[in-house]
Amino acid sequence: MVEVLFSSLGQLFTVPHMMYMIIGVLIGLVVGIIPGLGGIAGMSLLLPFLYGMEPSVALGMLMGLVAVIPTGDTFASVLLGIPGSSASQATVVDGFALAKKGQAARALSSAFLSSMIGGLIGALVLTAFILIARPVVLSFSSSELFMLTLLGLSMVAVLSGKDVFKGLAACGAGLLVGTIGMAPATGEFRLPFEIDYLYDGLPLVVVGLGIFALPEIIDLLVKRGAIAEQPCELGKGWREGVRDVVKRPGLVARCAGIGSLMGAIPGLAGSVVDWITYGHAVQSAKDKSQFGKGDIRGVIAPESANNACACGAMVPTLLFGIPGSGTAAVFLGGLLLLGLQPGVSMLETNLDLTYTIIWSLALANILGAALCLGLARPVASLTRVPFVILAPLITILILFAAYQATRSLEDLIALGIIGAIGVLLKQANWSRPAFLIGFVLAPGAEAYFYQAAQFQGADAFMRPGVIIIGVIIAASLVVPSLRSYLQQRRQKTDPINQRSPEGIAPSTLGVIDIVLLGSLLIASGYVWFMFAELSMLGGIMPRLAIAIIVVACLLEVARIFLVPMQWKMQGLKQQALWIAGFFLLVGGIMVLGFLVTAAVFSLGFLLLVARLKPLVAVSFSAGVTLFLMGMASLLTLTYPSGLLAAL
């Protein structure tokens with residue numbers, strides 16, 4: 001064993017291994033910074049270069065990329081409000097809010113340090129798991145996996161704050177959207193509306209960008225200012241972010257542990273872990289009032305988890321050949337290209353390479369965090385730039401990322417529709433994370449429930465693991481309510497605190513709230529009628545989603561009549577104009593093609609709306625066009641040519 005460890009260390013610190021690992025780190029940073037690409041696209045870029053390479057050297061490059069993407073994607077999440085990947089969606093909630101307050105450097109530095117520590121903890125956990133994880137992972141049946149998805153759904157109540165019913169209704173809507181496509185149990189198609197694009201369901205990247213990115217872009221365009229509402233003191237913010245992490249070692253360690261364990265379970269990585277750890281941060285906090293408004297704990301928690309999750313995803317990939325995430329699936333293909341067979345051989349004949357992989361992950365996390373911390377100050381200065389200058393560039397990036405989903409024009413149309421829903425939710429202050437959690441968990445929850453019911457029957461939900469997870473879910477729902485009740489009792493008996501009950505503003509009601517409640521109830525009735533012919537297994541998840549929507553909406557209506565509400569003006573005119581402009585842009589792509597429309601849109605927007613000098617506007621537009629052409633070459637991507645080119 002000692003010889004194996006020394007052999008692994010010898011491979012780790014060779015010049016070729018270090019050089020290619022640094023190359024992987026740099027590529028990972030670039031891919032992470034570009035919104036929407038993520039680990040799958042980045043890993044796919046590297047695979048063609050693996051042929052003929054020495055396995056230890058090639059693995060160094062791959063691990064450099066895997067380790068750093070969850071760190072680099074924080075730039076887009078914090079500075080632009082765009083999830084850099086599915087694993088950084090929760091970071092947007094408080095990270096972007098901090099950037100708008102002028103605290104971008106604080107958010108970035110705390111995120112990078114948390115990511116590095118989380119990655120190191122994940123590597124330690126992976127080292128320990130690599131020999132003992134096989135019986136642990138194999139002990140999880142479909143019933144335990146189903147309960148873990150319910151644990152993710154239980155976080156909706158925590159993330160919704162005082163508007164629990166609105167959050168549950170949004171979650172139900174996300175669940176319903178997530179069931180579009182083929183039922184895994186029976187092969188029946190649900191809600192395709194005779195549209196070919198919908199037969200496979202909506203892609204996660206389209207829904208994530210639509211719910212979060214477009215509403216934030218439109219909101220900033222309406223305000224017509226810089227990203228930050230106040231000047232950002234970068235040096236001070238950088239140090240404060242480091243201190244924020246140092247003062248919260250328990251939160252970092254707990255979230256990294258959750259990320260490692262959840263990452264080891266196939267299909268539960270990425271945004272699921274992100275939201276679960278974010279919910280844990282909210283749940284464990286005494287003062288929850290600043291979450292969603294710029295609480296640094298809302299950045300530290302998910303960032304500590306996502307790098308650890310990348311390490312955890314390597315457990316099933318290396319031990320069983322079962323990819324723990326989409327990135328791990330591409331990594332698995334890389335192993336096969338190098339002639340390495342995942343499984344028992346990775347623990348016997350190739351144990352030295354296995355430890356080389358683990359320690360490469362740890363070292364790459366340190367290098368990536370150091371580079372990102374060095375870049376945090378200059379990149380954070382982007383928040384001082386008037387957003388109207390960045391808007392066309394970011395919009396094109398979002399369109400490019402969405403088009404990567406299925407490489408179909410329907411991706412862009414779906415992006416606009418989901419974006420319009422996201423704008424409504426944002427304007428009415430409904431929980432967009434709740435919607436996304438429902439969407440992400442719907443397919444896995446349905447598949448696991450079907451497998452548990454088919455193979456284990458009623459006994460599936462009497463297993464010890466299921467009961468333990470059920471107790472955790474019950475505690476996550478009951479404890480916050482009990483804590484709130486006890487706080488209210490203490491405040492009633494304490495005359496000092498009676499003047500400010502909880503520091504929480506009263507619930508509000510507006511036109512968009514009424515429209516959303518009415519639309520959800522009408523849509524639920526219509527969809528229920530459409531599902532009348534579905535079998536029990538094929539219709540159980542969409543019917544559950546409809547039940548959640550209806551019950552939550554009716555409870556919210558009852559709350560409106562029983563609890564005093566403050567009427568709030570919820571403007572939508574300017575937002576509607578920008579949404580209409582987005583659909584005009586998509587129409588231009590359909591007619592003129594992607595490249596031509598991107599160039600014309602960027603130039604026209606920068607000249608007419610941002611009012612830049614012609615030379616600067618032309619330079620920006622040329623840069624956007626060259627970037628798109630370069631990505632098309634790297635990804636062997638063919639952009640839509642438009643109707644005019646077909647004539």
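The preceding data block contains the structure.
Residues numbered from 1 in each chain as written. Predicted model: local features only at pLDDT ≥ 70, side-chain atom pairs only at ≥ 80, totals over all residues. Heavy atoms only, no water.

A.B. asks: Hey, could you go over the overall build of the protein for me, with residue numbers and the actual values?
C.D. replies: A tally of helices and strands in the protein yields 27 helices and four strands. Taken across its 647 residues, the protein has 55% of its residues classed as buried. Considering only contacts within the protein whose residues lie at least 6 apart along the sequence, 81% involve residues at least 24 apart. Summed over all atoms, the accessible surface of the protein reaches about 26,600 Å², with 69% contributed by carbon and sulfur. (Helix = DSSP H or I, 4+ residues; strand = E, 2+ residues; numbered from the N terminus. Buried < 20%, exposed > 50% of the residue type's maximum accessible area, 1.4 Å probe, protein only. Contact = heavy atoms within 4.5 Å. Areas by Shrake-Rupley, 256 points an atom, 1.4 Å probe, with all protein chains shown as cover.)

A.B. asks: I'd like a description of the side chain of Ser408, backed by residues and values.
C.D. replies: Assignment of secondary structure puts Ser408 in the loop between helix H18 (387-403) and helix H19 (409-427). What makes Ser408 buried here is its relative accessible area of 18%. In terms of polar contacts, Ser408 uses its side chain to reach the side chain of Glu410, at 2.2 Å. Apart from residues lying up to four places away in sequence, Ser408 is in contact with Tyr197 and Tyr403. (Polar contact = N/O pair within 3.5 Å; in protein donor to acceptor, adjacent residues only side chain to side chain.)

A.B. asks: Run through helix H25 (residues 594-608), naming residues and quoting values.
C.D. replies: For an α-helix, 3.6 residues make a turn, and residues three or four places apart therefore share a direction. For H25, built from 15 residues, the straight-helix expectation of 21 Å at 1.5 Å per residue is met to within 8% by its first-to-last C-alpha distance of 21 Å. Every buried residue of H25 is listed here: Phe594, Thr597, Ala598, Ser602, Phe605 and Leu606. All buried residues of H25 lie within an arc of 140° about the axis, which places them on one face of the element. Turned more than 90 degrees from where H25 packs its buried face, Val600 and Leu608 sit exposed. Packing partners of the buried residues in H25 comprise helix H10 (204-223), H18, H19, helix H24 (573-592) and helix H26 (614-634). (Expected span 1.5 Å × (residues − 1). Arc of directions from axis to C-beta.)

A.B. asks: So what about the environment of Leu214? Which residues, and what values?
C.D. replies: Its place among the elements puts Leu214 in helix H10. For the pair formed by Leu214 and Gly416, sequence separation is 202 residues and the distance between their alpha carbons is 8.2 Å. Excluding residues within four positions of it along the chain, Leu214 makes contact with Leu209, Leu415, Gly416, Gly419 and Phe582.

A.B. asks: Describe the pattern of salt bridges, and please don't skip the residues or the numbers.
C.D. replies: If charged atoms from side chains of opposite charge come close, those side chains can pair. According to the stated counting rule, one finds eleven salt bridges in the structure shown. Lys166 is paired through a salt bridge with Asp513; the nearest N and O atoms lie 3.2 Å apart. Within this pair, whereas Lys166 is found in helix H9 (residues 164-178), its partner Asp513 is found in helix H22 (residues 511-530), the two being separated by 347 residues in sequence. The exposure classification of Lys166 matches that of Asp513, with both residues buried. Residues Arg248 and Asp244 are paired through a salt bridge, measuring 3.6 Å at the closest nitrogen-oxygen approach. A residue is classified by how much of its surface remains accessible, and Asp244, at 2% relative accessible area, is buried. (Salt bridge = Lys/Arg side-chain N within 4 Å of Asp/Glu carboxyl O.)

A.B. asks: So what's going on with the nonpolar core? Which residues, and what values?
C.D. replies: By size, the foremost hydrophobic cluster in this structure holds 186 residues, and its most contacted members are Leu202, Met314, Phe331, Leu399, Leu415, Trp430 and Tyr639. Looking at this core, the element that brings in the most residues is H18, giving 14 residues. With residues up to four places along the chain from it excluded, the contact list for Phe331 reads Met43, Leu59, Leu62, Met63, Met314, Thr317, Leu318 and Ile357. (Core = buried A, V, L, I, M, F, W, Y, C linked by side-chain atoms within 4.5 Å.)

A.B. asks: Before we move on, could you go through the side chain of Ser304 and cite the residues and values that matter?
C.D. replies: Residue position: Ser304 is located in helix H14 (residues 297-312). Beyond its immediate chain neighbours, meaning those up to four positions away, Ser304 contacts Ser114, Gly118, Val252, Cys255 and Ala256.

A.B. asks: Hey, could you go over the packing of helix H4 (residues 55-72) against H14 for me, with residue numbers and the actual values?
C.D. replies: A pair of packed helices is characterised by two quantities: the angle between their axes and the separation of those axes. It is the contact of H4 with H14, at a shortest axis distance of 9 Å, that shows an interaxial angle of 160°. Considering their axes alone, H4 and H14 lie roughly antiparallel with respect to each other. The handedness of the crossing between H4 and H14 is right-handed. Contacts between H4 and H14 involve Val66, Ala67, Pro70 and Thr71 from the first element and Glu303, Asn306, Asn307 and Ala310 from the second. Residues of the contact of H4 with H14, tallied by class, amount to four nonpolar, three polar and one charged. (Axes fitted to C-alpha atoms, helices over the stretch in contact; angles between N-to-C directions. Parallel < 35°, antiparallel > 145°, perpendicular 65-115°, else oblique. Left-handed = near helix turned anticlockwise from the far one by under 90°. Nonpolar A, V, L, I, M, F, W, Y, C, P; charged D, E, K, R; others polar.)

A.B. asks: Run through the packing of H9 against helix H23 (residues 536-562), naming residues and quoting values.
C.D. replies: Contact geometry for H9 and H23: axes closest at 8 Å, N-to-C directions at 160°. Taken together, the axes of H9 and H23 are roughly antiparallel relative to one another. Helix-helix and strand crossings are classified by hand; for H9 and H23 the assignment is left-handed. Taking contact as the criterion, the partners of Phe165, Lys166, Leu168, Ala169, Gly172, Ala173, Leu175 and Leu176 in H9 are, on H23, Met541, Pro542, Ala545, Ile546, Ile548, Ile549, Ala552, Cys553, Leu555, Glu556 and Arg559. In terms of residue class, the contact of H9 with H23 is built from 15 nonpolar, one polar and three charged.

A.B. asks: Run through H24, naming residues and quoting values.
C.D. replies: The end-to-end C-alpha separation of H24 is 28 Å, in line with the 28 Å expected for 20 residues at 1.5 Å each. Among all positions in H24, only Gln575, Ile579, Phe582, Leu585, Val586, Gly588 and Ile589 are buried. In a view along the axis of H24, the buried residues occupy a sector of 165°, so they form one face of it. Opposite the packed face of H24, turned more than 90 degrees from it, sit the exposed residues Lys573, Leu577 and Leu584.

A.B. asks: Quick rundown of the packing of aromatic side chains? Include the residues and the values.
C.D. replies: By the definition in use, this model includes 14 aromatic pairs. Pairing Tyr278 with Phe291 gives two aromatic rings, centres 6.0 Å apart and planes at 85°, and the pair type is edge-to-face. With Tyr278 in helix H13 (residues 271-284) and Phe291 in the loop between H13 and H14, this pair connects stretches of sequence that are 13 residues apart. Overall, the relative accessible area of 4% leaves Tyr278 in the buried class. (Phe/Tyr/Trp six-rings, centres within 6.5 Å; stacked < 30°, edge-to-face > 60°.)

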